[in-house]
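Here is how the chains run, residue by residue.
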Amino acid sequence: MELKKLEDLKRLLKDKPVKKLVLAAAQDKQSLGAVLKAGADNIIEPVLIGDKEEIIKVAGKFDYDLTGISIIHEKDLEKTTELAVKMVNKGEADVLMKGKVGTSILLKYVLNKEWGLRTGNLLSHVALFEVNTYHKLIAVTDVAMNIAPNLQDKISIVNNSVQCLNMLGVMMPKVAVLGAVEMVNESMQATLDAALLSKMNQRKQIKNCIIDGPLAFDNAVSLQSAKHKGIISEVAGDTDLLLMPDIEVGNVLYKSLVFFARAKVASMILGALSPIVLTSRSDSEQAKYDSILLAAASSK
Ligand code: COD
């Protein structure tokens, strides 16, 4: 199935039970607005944890309706995060979402060995973009969690995203492993990793997807550019997933798409005990709402 708009994810919610989402440090306008709207749209059932007075203040200021919404009071940011993570660990909630708390604090608690959300898998971040100039949704990984993934990490990152795309009905995603050039250059580690990933895919060591790389960004998203350079590739111009060489490249691409191309985005952390909605502070309320939708649509 080809997904063209983030809105299309709503179709996947049919027949799925409504998940309980816990928002850690809920006293944040955009996160609170997104969660309440997703609750009203029956995408999730919200639970708020945080400074109750502040939550009520934010809700009052922006006319949000808290009627019937469960709020757990905790003023301290770290304790709030710990409580939220523990709720998911114990199965009292199905989805974790970051509110007004730093990404690294949240991830530190998620990675707690005793009561975090580890599964033995590498956790990774995926962002799903709706860009007007591309013919379908395109996923980008990893732009927010793994800083400088090695080959083994990249295999896990691809597997996590492929599983997520499979859940969204994209059964054989086309994966472009990005480099600055499309030829293998032994001085550029990204191109070496890309060539290895492609061969491992050909030999079925990485399954359920079609991997090609190294591809430069233009060849990955434009068949015309690939043809112009004489590149014959099943992936070129029809990529479902872009694998980034590292967090810097990924993060700059993410922000360029949002700020320059006005792309819509949904994002989450994969590979944990539960889906984790982790958006950046500068993301809009719409991006947070779409991320909740992605988390709900990509889980069982
Ligand atoms: N998946 C599973 N386990 C992991 C992962 C992962 N991706 N990363 C670390 N671990 C485990 C390690 O195996 C180890 O047992 C423990 O967690 C601690 O590992 P460290 O010391 O390498 O990890 P930390 O705590 O120093 O850092 C982990 C972070 C995820 C916090 C770190 O990688 C980080 O800061 N990433 C970038 C987050 C960020 O700033 N994003 C903002 C962009 S918007």
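If you're wondering where the values come from, they're calculated on a predicted model, not measured in any experiment.

Chemist: Mind laying out the pattern of salt bridges, listing which residues take part and the relevant values?
Modeler: All told, the structure shown has 15 salt bridges when counted by the stated rule. Residue D193 is joined to K154 by a salt bridge in which the shortest nitrogen-to-oxygen separation is 2.8 Å. Here K154 lies in helix α5 (residues 151–167) and D193 lies in helix α6 (residues 189–202), a separation of 39 residues in the sequence. Exposure class is identical for D193 and K154. Each is buried. One salt bridge connects D238 with K174, and the closest N-O pair in it is separated by 2.8 Å. In this pair, D238 sits in the loop between α8 (223–228) and β9 (241–243) while K174 sits in strand β7 (residues 174–178), placing the two residues 64 residues apart along the sequence. Connected via shared salt-bridge partners are K136, K174, D238 and D240.

Chemist: Summarise the layout of surface pockets; cite the residues concerned and give the values.
Modeler: If you roll a probe as big as a water molecule over the atoms, it shows you where there is empty space left. Reported here for the largest pocket is a volume of approximately 490 Å³. For the lining of the largest pocket, the leading source of residues is α5, giving 6 residues. Considered class by class, the residues forming the lining of the largest pocket number 8 nonpolar, 9 polar and 1 charged.

Chemist: Give me the pairing of strand β5 (residues 124–130): which residues, what numbers.
Modeler: The side chains of a regular strand alternate between the sheet's two faces. Along β5, 7 of the 7 residues are buried, which leaves the element largely enclosed by surrounding structure. Here β5 shows no split at all, with S124, V126, L128 and E130 on one side and H125, A127 and F129 on the other all buried. With 7 bridges connecting them, β5 and strand β10 (residues 264–270) associate as antiparallel partners. Within the sheet, the bridge partner assigned to F129 lies in β10 and is V265. When β5 meets strand β6 (residues 138–141), the two strands line up antiparallel, connected through 3 bridges. Paired with A127 across the strands is V140, a residue of β6.

Chemist: Requested: an account of the packing of helix α1 (residues 29–40) against helix α10 (residues 285–297), with residues and values cited.
Modeler: Direction vectors running N to C along α1 and α10 enclose 45 degrees, while the axes themselves pass 8 Å from each other. One way to sum up the angle between α1 and α10 is to call them oblique. Crossing of α1 over α10 shows right-handed handedness. Contacts between α1 and α10 involve K29, Q30, S31, G33, A34, V35, K37 and A38 from the former and E285, K288, Y289 and I292 from the latter. Taken together, the residues of the contact of α1 with α10 break down into 5 nonpolar, 3 polar and 4 charged.

Chemist: Give me the lowdown on α10, citing residues and values where you can.
Modeler: Over its 13 residues, α10 extends 18 Å from the first C-alpha to the last, a length consistent with the 18 Å expected when each residue adds 1.5 Å. Taken across its 13 residues, α10 has 11 buried, putting it largely inside the fold. Taken residue by residue, α10 has A287, K288, Y289, D290, S291, I292, L293, L294, A295, A296 and A297 as its buried positions.

Chemist: Explain the packing of aromatic side chains to me, and be specific about the residues and the numbers.
Modeler: In total, this model carries 3 aromatic pairs according to the counting rule given. Measuring from ring centre to ring centre gives 5.8 Å for Y109 and W115, while their planes differ by 20 degrees; the resulting arrangement is stacked. Per residue, the accessibility class of Y109 equals that of W115, and both read buried. Ring geometry for F129 and Y254: centres 5.4 Å apart, planes at 75 degrees, overall edge-to-face. Here Y254 lies in helix α9 (residues 247–259) and F129 lies in strand β5, a separation of 125 residues in the sequence. The ring of F62 is capped by K29, whose NZ or CZ atom sits 4.9 Å from the centre of that ring. Over the aromatic face of W115 sits the side chain of K86, whose NZ or CZ is 4.8 Å from the ring centroid.

Reading the values: the criteria
Throughout, a residue's number is its position along its own chain's written sequence, starting from 1. Since the coordinates come from a predicted model, pLDDT governs what is reported: local features require at least 70, and pairs of side-chain atoms require 80 or more to be given and counted, while whole-chain, interface and lining totals use all residues. Hydrogens and water are ignored here; the side-chain numbers use all heavy atoms of the structure. Any carboxyl oxygen of Asp or Glu within 4 Å of a side-chain nitrogen of Lys or Arg constitutes a salt bridge here. Runs of H or I in DSSP of at least four residues are treated as helices and runs of E of at least two as strands, each being numbered from the N terminus. Three exposure classes are used, based on accessible area relative to the maximum for each residue type with a 1.4 Å probe and protein chains only: buried under 20%, partly exposed in between, and exposed over 50%. Points on a 1 Å grid over protein atoms alone make up a cavity when a 1.4 Å probe fits among them but cannot get out, and a pocket when they form an open set with protein on both sides within 12 Å along at least five of seven lines; lining residues each have an atom within 4 Å of a point. Grid points are joined across faces, edges and corners, and a volume is the space filled by probe spheres set on the points. Under the scheme applied here, ten amino acids are nonpolar (Ala, Val, Leu, Ile, Met, Phe, Trp, Tyr, Cys and Pro), four are charged (Asp, Glu, Lys and Arg), and all others, including Gly, are polar. At least two DSSP bridges between two strands are required for those strands to pair. In this analysis, axes come from line fits to C-alpha atoms, helices being fitted only over the stretch in contact, and the angle between any two N-to-C directions falls in the range 0 to 180 degrees. Under this scheme an angle from 65 to 115 degrees is roughly perpendicular, one under 35 degrees roughly parallel, and one over 145 degrees roughly antiparallel; angles in between are oblique. Each crossing is labelled by how the near helix is turned from the far one, with a counterclockwise turn of less than a right angle marking it left-handed and a clockwise turn marking it right-handed. Every residue pair with non-hydrogen atoms within 4.5 Å of one another is taken to be in contact. Given a helix with a known number of residues, its expected span is that number minus one, times 1.5 Å. Whether two aromatic rings pair depends on their centres lying within 6.5 Å, for rings of Phe, Tyr and Trp, where Trp uses its six-membered ring; planes under 30 degrees apart make the pair stacked, over 60 edge-to-face, and the rest tilted. Only when the NZ atom of a Lys or the CZ atom of an Arg is both within 6 Å of the ring centre and within 35 degrees of the ring normal do we say a charge sits over the ring.

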